[in-house]
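In case you want the letters, here they are:
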Amino acid sequence: MDDVYIGRWTRVSPDTDTVRRLRDGMVGGVLSFPLTSFHDDGSLDVDGFRAHVAAQVATAPGAVFPACGTGEFFSLDEDEYRQVVTVAVEEASGRVPVVAGIGYGWAQAVRFARIAEEAGADALLVLPHYLVAAPQDGLVAQLEQIAARTRLPLIAYQRGQVAFTATSLRRIADIPNVIGLKDGHSDLDRLQRLTLAAPEGFLFFNGASTAEIQARAYATVGVPAYSSAVHAFAPEIANAFFGALRDGDDKAVERLLRDFYVPLVELRDRVPGYAVSLVKAAARLRGRPVGPVRAPLTDPSAADLADLKTLLTAGLDLVGAAL
């Protein structure tokens, strides 16, 4: 799978169809990160996950990213991971791209990459490596090692201990099947430098927690695409926000930010891990079969759950939907 280069930093992706579909999806809708369904005893609920993904795909997201951070990748064993990615591919049925999460050190990431490839995923999101800080050369080498061992396109994810410089961005963009970057740092100075350093056609998207809060700011540095945790439990709200942002309806954007998204972030920030467990709790409030979170995450307290229900009801009312 050879890359073709035209000029210094213009490249044609090794998988032009996947890149085209992802680019089109990013323009047309939010990126969906489905929740992984568990039974009350903590075991994987395959049927519940299938129903959840089917509902997500039906709302026309730009792409589906199973087994990533919101999907509790860190808690899945390899067999569970295989089932999750397989179900996502089956339910997407070619309608939207499926980008599976992989992570830990490169050797383990490659094991997940091979499973995802066998399951039919279109691309891979490389989650930040486990635990240790690393120099720029090591961050680049991590992607080189993974890319050398999979035929699937890779999207790097910078968050936590992973933060690329402009020089490193050029280097990872030179790796044949690295096609894009998800940013979770929200450092717009750094991100602007990265977008200016990137080759033509390199994909970027906003992966901040509750990305809608910063969506307008990201767009000013050339990164309008974003993932939406809210889409996992209230696609009506997520799609209404996306449409208002796309159409330049500042009043609608600000109303949704002020009356739903900002209070949601304030609630999320009460307890570590609520970025996932609140999303799951909100999905359960709407009858979605996603089940509880797995340790070390914890489900919301009764008081926080009551506040979440009040906020969710109000948010849905803003877009003409009901709990």
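Structural data are supplied above this passage.
The rules behind each value
- Residues numbered from 1 in each chain as written.
- Predicted model: local features only at pLDDT ≥ 70, side-chain atom pairs only at ≥ 80, totals over all residues.
- Heavy atoms only, no water.
- Helix = DSSP H or I, 4+ residues; strand = E, 2+ residues; numbered from the N terminus.
- Rg over C-alpha atoms; globule rule 2.2 N^0.38 Å.
- Buried < 20%, exposed > 50% of the residue type's maximum accessible area, 1.4 Å probe, protein only.
- Contact = heavy atoms within 4.5 Å.
- Areas by Shrake-Rupley, 256 points an atom, 1.4 Å probe, with all protein chains shown as cover.
- Lys, Arg positive; Asp, Glu negative; His and termini not counted.
- Charge placed at Lys NZ, Arg CZ, Asp CG, Glu CD.
- Axes fitted to C-alpha atoms, helices over the stretch in contact; angles between N-to-C directions.
- Left-handed = near helix turned anticlockwise from the far one by under 90°.
- Nonpolar A, V, L, I, M, F, W, Y, C, P; charged D, E, K, R; others polar.
- Pairing = 2+ DSSP bridges.
- Phe/Tyr/Trp six-rings, centres within 6.5 Å; stacked < 30°, edge-to-face > 60°.
- Lys NZ or Arg CZ within 6 Å of the ring centre and 35° of its normal.
- Salt bridge = Lys/Arg side-chain N within 4 Å of Asp/Glu carboxyl O.
- Patch = residues over 30% accessible without salt bridge, like charges linked within 9 Å, V, L, I, M, F, W, Y side chains within 5 Å.
- Right-handed = clockwise from strand over helix to strand, strands pointing away.

A. Expanded view of the overall build of the protein chain. When you go through the protein chain residue by residue, the secondary structure sums to 12 helices and 10 strands. Computed over C-alpha atoms, the radius of gyration of the protein chain comes to 19 Å, within 12% of the 20 Å expected from 2.2 N^0.38 for 323 residues, which places it in the range of a compact globule. Buried residues in the protein chain amount to 53% of all 323 residues. In the protein chain, the proportion of contacts linking residues at least 24 apart, taken out of those at least 6 apart, comes to 72%. Accessible surface, the protein chain as shown: approximately 13100 Å² in total, 52% of it carbon and sulfur. With 31 positive and 39 negative side-chain charges, the protein chain shows a separation of 3 Å between the mean positions of the two kinds.

B. Structural context of the packing of helix α9 (residues 235-247) against helix α10 (residues 250-268). It is the contact of α9 with α10, at a shortest axis distance of 8 Å, that shows an interaxial angle of 145°. Handedness of the crossing formed by α9 with α10: left-handed. In this structure, α9 uses I237, A238, A240, F241, A244 and L245 to contact α10, whose residues at the interface are A252, V253, L256, L257, F260 and Y261. Of the residues in the contact of α9 with α10, the class split is 12 nonpolar, no polar and no charged.

C. Quick look at the sheet that holds strand β6 (residues 123-126). Taken in spatial order, the 5 strands line up as β5-β6-β7-β8-β9 in an open sheet, and their pairing is parallel. Edge positions in the sheet fall to β5 (99-102) and β9 (203-206), since each has one partner strand and no second. On average, each strand axis in the sheet is tilted by 25° relative to the strand beside it, whichever way the strands run. Pairing of β5 with β6, which is carried by 4 bridges, proceeds in the parallel orientation.

D. A look at the packing of aromatic side chains. Going through the model one piece at a time under the given rule, you end up with 12 aromatic pairs. With centroids separated by 4.9 Å and ring planes inclined at 65°, the aromatic side chains of F73 and F112 adopt a geometry described as edge-to-face. With F73 in the loop between β4 (63-64) and α3 (78-92) and F112 in helix α4 (residues 106-119), the pair connects residues that are 39 residues apart, well separated along the chain. Residue F73 shares its accessibility class with F112, and that shared class is buried. The interplanar angle of 80° and the centroid separation of 5.1 Å between the aromatic rings of F260 and Y261 together place this pair among those described as edge-to-face. Here the two residues F260 and Y261 agree in accessibility, since each one is buried. These aromatic residues form a ring-pair network of at least three members: Y226, F241, F242, F260 and Y261. The aromatic ring of Y157 is capped on one face by K182, whose charged end is 4.2 Å from the ring centroid.

E. Examining the pattern of salt bridges more closely. By the definition in use, this model includes 21 salt bridges. A salt bridge links E90 to R50; the shortest N-O distance between them is 2.9 Å. In this pair, E90 sits in helix α3 while R50 sits in helix α2 (residues 46-58), placing the two residues 40 residues apart along the sequence. Note on E90: relative accessible area 44%, which makes it partly exposed.

F. Up close: the side chain of R21. Within the secondary structure layout, R21 lies in helix α1 (residues 16-28). The exposure class assigned to R21 is buried, which follows from its relative accessible area of 18%. Beyond its immediate chain neighbours, meaning those up to four positions away, R21 contacts G94, R95, V96, P97 and D122.

G. Looking closely at a nonpolar patch on the surface. Taken together, the side chains of Y130, L131 and V132 define a hydrophobic patch exposed on the protein surface, amounting to about 360 Å² of accessible area. With respect to the helices and strands, the residue Y130 is situated in the loop between β6 and α5 (136-147).

H. Structural context of the environment of V87. Mapping V87 onto the fold places it in helix α3. Other than its neighbours up to four places away in sequence, V87 contacts V46, F49 and R50.

I. Quick peek at the pairing of β6. Of the two faces of β6, the one holding A123 and L125 and the one holding L124 and V126 are both buried throughout. Chirality of the crossover, the property in question, places the unit of β5, α4 and β6 among those that are right-handed. Two strands pair when backbone bridges link them, and β6 and strand β7 (residues 154-158) are joined in this way by 3 bridges, in the parallel orientation. Counted as the bridge partner of L125 is I155 from β7.

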